[in-house]
Amino acid sequence: MAKHVAREKYDRFLVMAGIAVLVIGALLYLCQTLPALSGIKSALSLRKIYDLPIFLMIIGLVLGLKGFISSKKHLGGEVVFSSKNFSAFLTNNAILLAMLVLVIVICILQPRFMQIRVALDILTQSSTRLIIALGICFTLLIAGTDLSAGRMVGLASVVSASMLQTATYANRFFPDLPQVEVWMPILAAIGACMIFGALNGFLVAKYDMHPFIATLAVQVMIYGACSLYFDMPPNNSQPIGGVRPDFAALGQMRIFQTGSFQGISILIPIAAVICVIIWFILNKTVFGKNVYAIGGNREAAVVAGINVFRCIMGIFILASCLYGIAGVLEAARTAGATNNYGNGYELDAIAACVVGGVSLNGGIGKVSGIVIGVLIFTVIQYGLQFINVSPMWQQVIKGIIIAVAVAIDLTKYRKK
Amino acid sequence: MSEFVLEMKNITKTFPGVKALDGVQLNVRPGTVHALMGENGAGKSTLMKCLFGIYKPDGGEILLDGKPVKINSAKEAMDNGIAMIHQELHPIRFRSVMENVWLGRFPGKMGVVDHKAMYDKTKELFEDLGLDVDPLALAGEQSAAILQMMEIARAVSINAKIIIMDEPTSSLSDREVEFLFKIINRLRSENRAIIYISHKMKEILQISDEVSIMRDGKYVGTWPAVSLTTEEIIKQMVGREMTNQFPVREDKPSDEVVLSVRHLSSPIKKSFQDVSFDLHKGEILGIGGLVGAQRTEFVEALFGLRGIESGEVEKDGKEYKARSPRDAKAHGFALLTEERRATGIFGILPILENTVIANQKHYAHLGILNESKRVAEASEGCKELNVKAPSLETLIQNLSGGNQQKVLIARWLLTNSDILILDEPTRGIDVGAKYEIYTIMLEQVKQGKSIIMISSEQPELMGMSDRIMVMCEGRVTGFLNKDEYSQENIMRLATMFASHNKAAAD
């Protein structure tokens, strides 16, 4: 049975529903906070729902805004509710819905999960992963891959941390190095990554090498080079510590810190800004369009006069720049570095991209999907830890999610 | 000012083992349509790829307006005012139509694409050409004909003085071809030169001013189109006289029904619906129709590649349900697919493997292959079909289209199928090889096999079929017997659109 609803009416309904949820949230919030209403609070044992009212208010706001913006666009037409559309909606958002169910289950099992602090923790943990995933997505979009991502993260963290230690620290990597401006070692670290990125790009573009092999070779090289650097006397492979506070602040600083609120990690806005930049590059620039074109049909791109060599070089250099940034942030966040930093990150990033709808056959993928992909993995990891699921089971569940998500995603493109 | 807008002199190009172009010349005047003809493998596409910067010629020179130029990439070709519509080029499926049109030269500043300008320019371009396509629609969702029109629009928008069209009508219906010719006439009146490659004689004689013919990588000559006839062109192309396009059919099909299809319908509403017919032993049943008539979809369903919603099929009086191609094969069906390169050949495998692949089980004992038996049957099969190749070890991708097709037919003949479904069996192959394939078909029906042949070339349909079934929008709109054959009758049935009829009824 299909039910037709005019778009206008549907939008109005969305706005109303949004406002309703917002009001409920606000009421609950008032009950929780106003001393005058503490009677209701204890009667309903509202303390147990933690920050749910705030989440409700945010959800209401988003719903309402969605309806409002849609109504302003005057799209017209109808929204059809039918079993076909419903199942299409389920397939298109299957993994997101599965995550939602998981979150609700966790919330019921462990209401403490419903806290703003938890949400911010999840976002913070997602930040560097997101930056790496955004880099790797470029290489996936041209039906390639990048196995060197994780080792580049390690390289950038070692290089930046090695030059940014406090003057009084006993085991300095460079005992005689003056206290340089923070940005200089950071640029050096990112630059080192970009050199290897250029090597990746050169091997792929010039010799038409499969990115799997090219980046595998470069990955091994990077690890070797990084270890050599790490092993230089007087350091001799000691973990790098004593990181300068102005550098560590890059990964540890919190903004909007007031009273009981512990603030938002600086990593979240950094990742958000990079996200916007990458979205802009992919959707609004010639370079971005060329990436999709090469991934979609390389031959067509060649005969359309696209400089494929330059584009592929650009892809790997840009990707390595993002890994470099992620590596620097990792070093700052943990206030240290070893040559084993970042090991295996590339596989997590590829998994997140794929779960977020990036096709390994190239040409398909959106930034919004990658954000969701990364968030899903963090939420699951964090959530399962929260309800004390063993790390071994977490691995099993993670693997199942990758397989199921991609299987569902592929049914969208399957021919009948 | 030179008399010619383009002069290609003494062009030579060698690929490993083959001299693809041997001192070829081509002179094109502005404001003319210059047809370039030759059998497949004659070097037409190679010559054009040299002009468009995709290949680098080993020798010779290219002059534009009398000035020598070096063209090293497609971009340089376009900068020099050359555009090309490529044969068998697939679009970037998951991007919009407009992005496909402006690929490589997006409007915008400083590397930032101006989407609004791109949309407006596409809209203007399409309106100017009379194309009704949404610029924002996904390219992958468009029909082959629309994609080809999109390619044409793209070439027009480059504003080139030389436009190369490599088989631009291969997936267009007659009506769309006429539409294309209108565009070509306009381009010609704007003093642009068009180099037109096609195998279709009728088109060539209708649209072109001059015809250049190539044979085996060499230049044969150039003639004004008005002085040529189809026979003359074929003679120059193959280097000998071709009296008959089709071999003579000596026997008649029997009355015995081997395949009976009743009310077969696809689960997809827009695909084939309610198809019924009988196929007799020793009969060639032609299926005619426009692109999009769902003929391929229908035969693929018969072969177990697509789903069937309802209807029955009887093979030799027994019920037959095709669940998979394996099933179909076991019941004696063979399918020669339309897209030879995509779904036919295994390009990087030798002829031997390509020939025996469908019959592998037959040569195995406990899963171990009997090599001598494989080689013996493959070489016999290839010899029978007159496959021209140095050895069975030659990679099939190095053969001409006609020889590849013969290997594929040999593959299915080895399986001893008694119903051969041939989907566009002679698409993109040259006149000589076509004749050979027709001969093979007649031999097969003589042996009591039955053939279902889809063809978009009406002369072929009429020349080879004992009966023609015409489809339109997935429905069977009629059958034609030999005495009713005419282009008009086929077209009338092929254009019986339900939507039109409905409009007329209202």
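Please read all numbers here as calculations on a predicted model, not as lab measurements. (Residues numbered from 1 in each chain as written. Chains lettered and ligands numbered in written order. Predicted model: local features only at pLDDT ≥ 70, side-chain atom pairs only at ≥ 80, totals over all residues.)

Student: What am I meant to see in the overall build of chain A here?
Tutor: In terms of regular secondary structure, chain A is built from 17 helices and four strands. Relative to the 2.2 N^0.38 estimate, which gives 22 Å for 416 residues, the radius of gyration of chain A is 24 Å and therefore close to what a compact globule would have. Counting only C-alpha atoms, chain A reaches 65 × 60 × 40 Å along its principal axes. The 416 residues of chain A split such that 41% are buried. For chain A, restricting intrachain contacts to residue pairs at least 6 apart in sequence, the fraction spanning at least 24 positions comes to 78%. (Helix = DSSP H or I, 4+ residues; strand = E, 2+ residues; numbered from the N terminus. Rg over C-alpha atoms; globule rule 2.2 N^0.38 Å. Buried ≥ 20, exposed ≤ 12 C-beta atoms within 10 Å, placed from the backbone. Contact = placed C-beta atoms within 7 Å.)

Student: What am I meant to see in the overall build of chain B here?
Tutor: Across its full length, chain B holds 18 helices and 24 strands. Relative to a compact globule of 506 residues, whose C-alpha radius of gyration would be 23 Å, chain B shows 24 Å and is just as compact. Each principal axis of the C-alpha distribution contributes one length, and for chain B these read about 70 × 60 × 45 Å. Buried residues in chain B amount to 45% of all 506 residues. Of the contacts made within chain B by residues no fewer than 6 positions apart, 69% connect residues no fewer than 24 positions apart.

Student: Explanation requested: the confidence of the model for chain B in the structure shown.
Tutor: Any residue range with low pLDDT should be treated as having predicted coordinates unsuitable for detailed reading. Residues and elements named next belong to chain B. In this model, chain B carries an average pLDDT of 86, and 96% of its residues clear a pLDDT of 70 or more. Within chain B, no element has a lower average pLDDT than helix α18 (residues 498–505), which sits at 47, and none a higher one than strand β22 (residues 450–454), at 94. In the model, residues 500–506 has pLDDT below 50 throughout and makes one contact with residues more than four positions away in sequence or in other chains. For this predicted complex, the interface confidence score (ipTM) comes to 0.74, while the overall pTM stands at 0.77. (pLDDT = per-residue confidence, 0-100.)

Student: Help me understand the interface of chain B and chain A in this model?
Tutor: The interface is formed by 23 residues belonging to chain B together with 20 residues belonging to chain A. Broken down by element, the residue count for the side of chain B that touches chain A peaks at three residues, all from helix α2 (residues 74–79) of chain B.

Student: Before we go on, may I ask you to explain the sheet that holds β22 of chain B in this structure?
Tutor: Hydrogen bonding along the main chain pairs the strands of a sheet, whether they run parallel or antiparallel. Residues and elements named next belong to chain B. Spatial strand order, β18-β21-β22-β15-β23-β24: six strands in an open sheet with mixed pairing. Each end of this open sheet is capped by a strand with a single partner; those strands are β18 (333–336) and β24 (475–481). Sheet twist, expressed as the mean angle between neighbouring strand axes with direction ignored, is 20°. Inspection of the sheet shows strand β15 (residues 284–288) paired to β22 by four bridges, in the parallel sense. From the neighbouring strand, G286 faces β22, where its bridge partner is M453. Packed onto the sheet, helix α17 (residues 487–494) meets β15, β23 (467–472) and β24 and runs at close to 35° relative to β23. (Pairing = 2+ DSSP bridges. Axes fitted to C-alpha atoms, helices over the stretch in contact; angles between N-to-C directions.)

Student: Explain the domain arrangement of chain B to me, please; I cannot follow it from the model alone.
Tutor: Reports of interface size often rely on the accessible area that becomes lost once the parts have come together. Residues and elements named next belong to chain B. Along its sequence, chain B is organised into domain 1 (6–91 + 142–238), domain 2 (256–332 + 418–434 + 449–506) and domain 3 (344–416). Between the C-alpha centres of domain 1 and domain 2 the distance comes to 34 Å. Taken together, the eleven residues of domain 1 in the interface contact nine residues of domain 2. Counting residues per element, the side of domain 1 that touches domain 2 draws most heavily on helix α8 (residues 230–238), at three residues. Grouping the constituent residues of the side of domain 1 that touches domain 2 by class yields five nonpolar, four polar and two charged. (Domains from an automatic or database assignment. Nonpolar A, V, L, I, M, F, W, Y, C, P; charged D, E, K, R; others polar.)

Student: Mind showing me how you'd approach the domain arrangement of chain A here?
Tutor: Per the domain assignment, the segments of chain A are domain 1 (3–81) and domain 2 (116–411). Put simply, the middle of domain 1 of chain A and the middle of domain 2 of chain A, counted by C-alpha atoms, are 36 Å apart.

Student: What's the story with the packing of helix α8 (residues 183–207) of chain A against helix α9 (residues 211–230) of chain A in this structure? I'm lost.
Tutor: Packed helix pairs are characterised by how far apart their axes lie and by the angle those axes make with each other. Residue and element names in this part refer to chain A. Packing of α8 against α9 brings their axes to within 9 Å, and their N-to-C directions diverge by 150°. Between α8 and α9, the interaxial angle falls into the category roughly antiparallel. Note on packing geometry: the crossing formed by α8 with α9 is right-handed. For the pair formed by α8 and α9, the contact residues are F196, L199, N200, L203 and V204 on the first element and P211, A214, T215, V218 and I222 on the second. Looking at the contact of α8 with α9 residue by residue, the class counts come to eight nonpolar, two polar and no charged. (Parallel < 35°, antiparallel > 145°, perpendicular 65-115°, else oblique. Left-handed = near helix turned anticlockwise from the far one by under 90°.)

Student: Honestly, helix α17 (residues 391–411) of chain A in this entry has me stumped. Any pointers?
Tutor: Note on helix geometry: an α-helix contains 3.6 residues per turn, so any two residues three or four positions apart are oriented the same way. Along its 21 residues, α17 of chain A runs 31 Å from first to last C-alpha, staying within 8% of the 30 Å computed at 1.5 Å per residue. Of all 21 residues in α17 of chain A, two are buried; the element is thus mostly exposed. (Expected span 1.5 Å × (residues − 1).)

Student: Is there a simple way to think about the sheet that holds strand β6 (residues 82–85) of chain B in this case?
Tutor: Residue and element names in this part refer to chain B. Taken together, six strands build an open sheet; the order of strands is β6-β9-β10-β3-β11-β12 and the sheet is mixed. Looking at which strands have only one partner, the edges of the open sheet turn out to be β6 and β12 (218–224). Pairs of neighbouring strands in the sheet enclose a mean axial angle of 20°, with direction left out of account. Bridge count for strand β3 (residues 33–37) against strand β11 (residues 210–215) is four bridges, and the pairing is parallel. Residue pairing for β11: L36 is matched across the bridge by S212. In the packing of helix α6 (residues 174–189) onto the sheet, contacts are made with β3, β9 (162–166) and β10 (193–197), and the angle to β10 comes to roughly 145°. Across the sheet, α8 lies against β3, β11 and β12, angled at about 30° from β11, the strand it touches most.

Student: Can you help me understand the nonpolar core in this one?
Tutor: Taken as a class, soluble globular proteins show a tendency for nonpolar side chains to be buried jointly. By size, the foremost hydrophobic cluster in this structure holds 172 residues, and its most contacted members are I132, A133, A156 and C353 of chain A together with I164 of chain B. When sequence neighbours within four positions are dropped, the list of residues in contact with I132 of chain A reads A149, V153, L322, Y323, A326, Y345 and A349 of chain A. Within the second largest apolar cluster, 69 residues are counted, among which are V275, I287, Y320 and I396 of chain B. (Core = buried A, V, L, I, M, F, W, Y, C linked by C-beta atoms within 7 Å.)

Student: I tried to follow unusual backbone geometry on my own but got confused; where do I start?
Tutor: When glycine is set aside, most residues are seen to have a negative phi, and most peptide bonds are trans. Geometrically, the link from P233 of chain A to P234 of chain A is a cis peptide bond, its omega value of 5° lying close to zero. Turning to its location among the elements, P234 of chain A is positioned in the loop between α9 and α10 (245–252). Despite not being glycine, A143 of chain A has its phi angle at roughly 60°, a positive value. Following the sequence through the fold, A143 of chain A ends up in the loop between α6 (116–141) and α7 (149–162). Overall, A143 of chain A belongs to the partly exposed group, with 17 C-beta atoms counted inside 10 Å. One non-glycine residue, L366 of chain B, adopts positive backbone phi at about 55°.

Student: Teacher, can you tell me more about α8 of chain B here?
Tutor: All names here are of chain B. Of all the positions in α8, only I233, I234 and M237 are classed as buried. All buried residues of α8 lie within an arc of 95° about the axis, which places them on one face of the element. Residues of α8 that are buried make contact with β3, α7 (201–207), β11 and α15 (431–446). Of the residues trailing α8, G239 is marked for its positive phi of about 80°. (Arc of directions from axis to C-beta.)

Student: Would you mind showing me how to read the environment of D274 of chain B here?
Tutor: Residue and element names in this part refer to chain B. Position of D274 among the secondary structure elements: in the loop between β13 (257–265) and β14 (275–280). The class of D274 is partly exposed, set by 14 C-beta atoms lying within 10 Å. Between the C-alpha atoms of D274 and L264, which are ten residues apart in sequence, the distance is 4.9 Å. Setting aside residues up to four positions removed in sequence, D274 forms contacts with H263, S265 and R475.

Student: What should I look at first to understand the packing of α7 of chain A against α9 of chain A in this one?
Tutor: All names here are of chain A. Interhelical geometry of α7 versus α9 gives an angle of 20° and a closest axis separation of 9 Å. With respect to each other, α7 and α9 are oriented roughly parallel. Between α7 and α9 lies a crossing whose hand is left-handed. Contacts between α7 and α9 pair R151, M152, G154, L155 and V158 from the former with Q219, I222, Y223, C226, Y229 and F230 from the latter.

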